[in-house]
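One letter stands for each residue in the lines below.
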Amino acid sequence: MDAGVLGSGTRPDTTVPERTTSAQAAGWELRSAVAADIEAIAELRATVMRADLERLGRYDEHRVRQRLRDSFSPRHMSIIMLDRELAGCVTVRPAGDRQWLEHFYLAPHCQGRGLGSAVLRTVLERTDAQGMTVGLNVLQGSAARRLYERHGFVVEAQDPIDVFMTRPPGAMASAPAKT
């Protein structure tokens, strides 16, 4: 996959219209992950997930990083750049009859500015164009669940740790338009 177009969040190989959702989200792009990104992303994961994992009694200093390393796929991961700095990542990989959204992390200083919504909207426009259902899991009690619900995800199943959610193609159109 090729690098994105600054400010649009799109890659040249897509037909997603160029736009951002807010002034704060302007200046971002997606680029393909490379092997050299793995440690920075593992550290980002540990930082972003720490509070929720501690709340659930599941934080392990080594495991939180190793799970990212074990599933790292440059082929399916995109790095989120904001003003030419690493701001986060998102992975969308095939999983049977759906796409699986995982490793969607934003650096704490990038949260709450509309960037997560802009990135998620771009990702979902792509899966919609492919006619694909998207699945994900989010930790119980995570604030990220509200983001996913605003973009048309619904709970499919849950356990004491995870909430599994799905979104059929086109569900974003029926979700409230919030950033």
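Residues numbered from 1 in each chain as written. Predicted model: local features only at pLDDT ≥ 70, side-chain atom pairs only at ≥ 80, totals over all residues. Heavy atoms only, no water.

A. Just the pattern of salt bridges, in detail. A complete count under the given rule lists 12 salt bridges for this structure. Across the pair Arg55 and Asp52 runs a salt bridge whose closest N-O atoms are separated by 2.8 Å. Of this pair, Arg55 and Asp52 both sit in helix H1 (residues 38–55), 3 residues apart, which is roughly one turn of that helix. Where Arg167 meets Asp128, a salt bridge forms, and the shortest distance between an N and an O atom there is 2.8 Å. Here Arg167, found in strand E7 (residues 162–167), pairs with Asp128, found in helix H3 (residues 115–129); they are 39 residues apart in sequence, far enough to count as distant. Sharing partners across several salt bridges, the network here consists of Glu43, Arg50, Glu54, Glu61 and Arg65. (Salt bridge = Lys/Arg side-chain N within 4 Å of Asp/Glu carboxyl O. Helix = DSSP H or I, 4+ residues; strand = E, 2+ residues; numbered from the N terminus.)

B. Geometry of the pairing of strand E4 (residues 98–106). When you tally the buried positions in E4, you get 9 out of 9 residues, the bulk of the element. The antiparallel pairing of strand E3 (residues 85–95) with E4 creates a hairpin that spans 2 residues between the two strands, and Gly96 there sits at a positive phi of about 70°. Relative to strand E5 (residues 133–139), E4 runs parallel, the two sharing 3 bridges. Across the sheet, Gln99 pairs through a bridge with Val134, a residue of E5. (Buried < 20%, exposed > 50% of the residue type's maximum accessible area, 1.4 Å probe, protein only. Pairing = 2+ DSSP bridges.)

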